[in-house]
Structure formats: structure tokens, C-alpha cells
Amino acid sequence: MEQIPEHGRLDEIPLPRLLLGLQRQHFGGAVTISRERVGKRFLFREGLPIFAESNLASESLGVQLMDAGRITRADYNRLVSHVESEKCKEGKALLDLGLLDAKGLFLALKEQVRIRLLECFGWPHGDFFVDPSSEPPADAQPFRAEIFSLLQEGIETHWSSDRVLSDLHTRMELFPELAPRSEKITARLRSDESVQSLLAALDGTRSLWKVVQAARTPRGLAALWVLDAAGALAYRDAAKPDSELDPCEAPQIEIVTTAEPAAPRARRAAAPAAARREPSEAESQATAQLRREIGAKHARLAELDFYQLLELPADCDAAAIKHAYHVAAKTYHPDTLARSGLDADARAEANRVFAEISKA
């Protein structure tokens, strides 16, 4: 099990991986996350966040309730006056004024933990500090946040699809299926049609790249990231044989990534090797040239900055960057490489290049 350092940077250990690591270690203590002048402190018990503090006025309990339509502006002004005059916390003031009952306050504080953590998913940079000596009091109210749905919501809301794919790119040619005991995770995911399509595609018969296409939406891609990072997927080097499929779990969707009609799976598998067309001399030369280009760029990854990687001048505009990315993706995208005739080593190098291009 990877040890969480006492201090680290969010650009080195992103918040979702930090939270997963704390959950796996059943961490108890405090985690402080800071960026510029913003600081937040979260208390954990048994690996789950149970309490949150923030120096952002916009994340106060009163503002949270007013934004959600639970109290009015007039109620909020009464709340602020009561807190100042009685020198008490907002929670007690809400009860004193009858704006919330005990159950409503409990749910509001639990939602506050979720909101304060979710905002941090959008931080590209920042520091975290882990303090296992700051155990929460034994009588602390457990405003426990559900970790897997929280991770999914944070990634869905704040991460781009390119960032998700860059984390998954090294496994695009493998064949994932749901691992045993993954139900505890899948049952807690935020579900919709795309998530259901994703789960149906995780049967070991499709490459990860085709599974990505089944996910389709930011919510589906976020669910895939969580399943992968949480160890809920088992990967195969080859597609699951039909003999291992349960008739009840036969694939429900067939995903086609080219414009050509897809031949039935069984007929493709049964086609004799001798019947397959050998590449022409021109195709072989093109493949060799592509192999040289990939090798040259891969060898220079450590020295190229993002502009050089996309072959752009540093003063280019956003439209040029977007165009260069799409041009590069046509060469290095896993789906393109699957039809290129390249060997496995060349595809692996291209995948690493594509990951850096996605970051750029």
C-alpha cells in the first residue's frame, strides 16, 4: 500500500488520489489543503471526511443555506446578528432562531463537508498537510461524506475528459472487467444512462478504449476513473473468450470506432490468418515512417516543453493550440494506432506521447 506523505503538492498527488489513499489506509486525523490565501482543514475518521473548516466566507453555513434556498436573505441577516451578539457558532444560532431543527442541521453540516471538498477538485495547484496526531474527538458528530460518489462528482465537475484519459492511457489496449466485490463501489456511484452503458461494457470483451466510448459523458468518464483508481477493475491482455461468458451477461452494446461496417465478432475471430490481406509496400513504408516519428518524439519527451511538443510558437493563440492538438491526436490516438500496423512497443511509446500531448 502506497504511503501518503505528510506534505505534498496537488499537482503531484491530485486530490482524488489523496482521498483514495486516505480511505484505503483508514486514516484518522486532519488534512489541511491550502492554495494562495485559501485554507481548508478536514477531519477524517476511518478514512472518511467527517468535518470541514474553511476560511472562505462564501462557504459559511449561512451562505450555503441561502444559496440552496433553505433560508432567506432576511433570515441570513438575523443569523449573522445572532452569531455576533451571542458569540456562538452558526449551527447553534440556526437552532436558537428556529431556522433549522436538529436533523436539518446535521444534514446541512454533512453537505458542508461535501461542498468544501468539491471546491478543491478545481484547484490545479496547492499543498496538502497530513497530521495523524489530530484525531477528532470521540464525541464528534460524524458528518461522514460518501467517498466514491464524492470522487465521481468532483471529477465530473472539475476535470476535463483529456485529463481523465491521460490517467488511463497506458491501459487503453487492455480488456477490463469488473473485479469481484466491485459491487460496493458501483452501488455508490451517481448513475445515469451513460454509467449503466459503461458498467455493461465492462465485461472483458472490449478494450479500455472502446469502454471509454461507452462512457460518453463526463459522469460516465468520472465513474470509469473511480473504478480504475479504486482497483475495481481487472485487466486482461486479450479479450475474454466467448466460452467464459455467462449467457446472462452477453454484451448488450457493440461500439464501432471506424466508418466501416463492423463484422460480427464470431466471424472475425474465425477468419483464417491466410485470408487476411498483407500490407502493400506503400503501407509498410508509411508504417515504418510513423514508427520513426513516434520514436523520435518519444526520445525527446524530457526536453520538449508543451509548445514544442505541439510544434507551436510560444506566442500562438488558443485556436492554434486546439488545432495542433486535433492534428496530433489523429496520429497518436490509441484508436488510430490500433489500425496502424505498429508493434506493441511503438504503440506504448505513442501512448506516452499522447498523454503528454493531452496535458499540453
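In case you missed it, the structure is sitting above this.
All values reported here derive from a predicted model rather than from experimental measurement.

Break down the environment of T186 for me, with residues and values.
Structurally, T186 is set in helix α8 (residues 183-186). Taking the C-alpha atoms as reference points, T186 and L227, 41 residues apart in sequence, are found 7.8 Å from one another. Setting aside anything within four residues of it in sequence, one finds T186 in contact with L178, L199 and L227. At a separation of 3.3 Å, a polar atom in the side chain of T186 contacts the main-chain carbonyl oxygen of E183.

Explain the nonpolar core to me, using residue names and the numbers behind them.
Grouped together as the largest cluster of nonpolar side chains are 57 residues, with contacts concentrated most on L15, I33, L224 and L227. Sort the elements by how many residues they give to this core and helix α11 (residues 218-229) lands first, with 8 residues. Sequence-distant contacts of L227, defined by excluding residues within four places in its chain, comprise L178, I185, T186, L189, L198, L199, L202, A232 and L233. The next biggest cluster of nonpolar side chains, apart from the first, holds 17 residues, and it includes L290, I294, V353 and F354.

Tell me about helix α1 (residues 15-24), and name the residues and values.
Counting buried positions over the 10 residues of α1 gives 8, a clear majority of the element. Those residues of α1 not exposed but buried are L15, P16, L18, L19, L20, G21, L22 and Q23. The first or second residue beyond α1 is H26, which carries a positive phi of 50 degrees.

Help me get a handle on empty space enclosed by the protein, residues and values and all.
In the structure shown here, the tally under the stated rule is 1 cavity of 30 Å³ or more. The volume enclosed by the largest cavity comes to roughly 50 Å³. What lines the largest cavity is simply L10, P14, L15, P16, C120, F121, W123, P124, W159 and R163. Residues of the lining of the largest cavity, tallied by class, amount to 9 nonpolar, no polar and 1 charged.

Procedures and definitions
Residues numbered from 1 in each chain as written. Predicted model: local features only at pLDDT ≥ 70, side-chain atom pairs only at ≥ 80, totals over all residues. Heavy atoms only, no water. Helix = DSSP H or I, 4+ residues; strand = E, 2+ residues; numbered from the N terminus. Contact = heavy atoms within 4.5 Å. Polar contact = N/O pair within 3.5 Å; in protein donor to acceptor, adjacent residues only side chain to side chain. Core = buried A, V, L, I, M, F, W, Y, C linked by side-chain atoms within 4.5 Å. Buried < 20%, exposed > 50% of the residue type's maximum accessible area, 1.4 Å probe, protein only. 1 Å grid on protein atoms, 1.4 Å probe; cavity = no way out; pocket = protein on both sides within 12 Å on 5 of 7 lines; lining within 4 Å. Points joined across faces, edges and corners; volume = space filled by probe spheres on them. Nonpolar A, V, L, I, M, F, W, Y, C, P; charged D, E, K, R; others polar.

Don't take any of this as a statement about function, it's just geometry.
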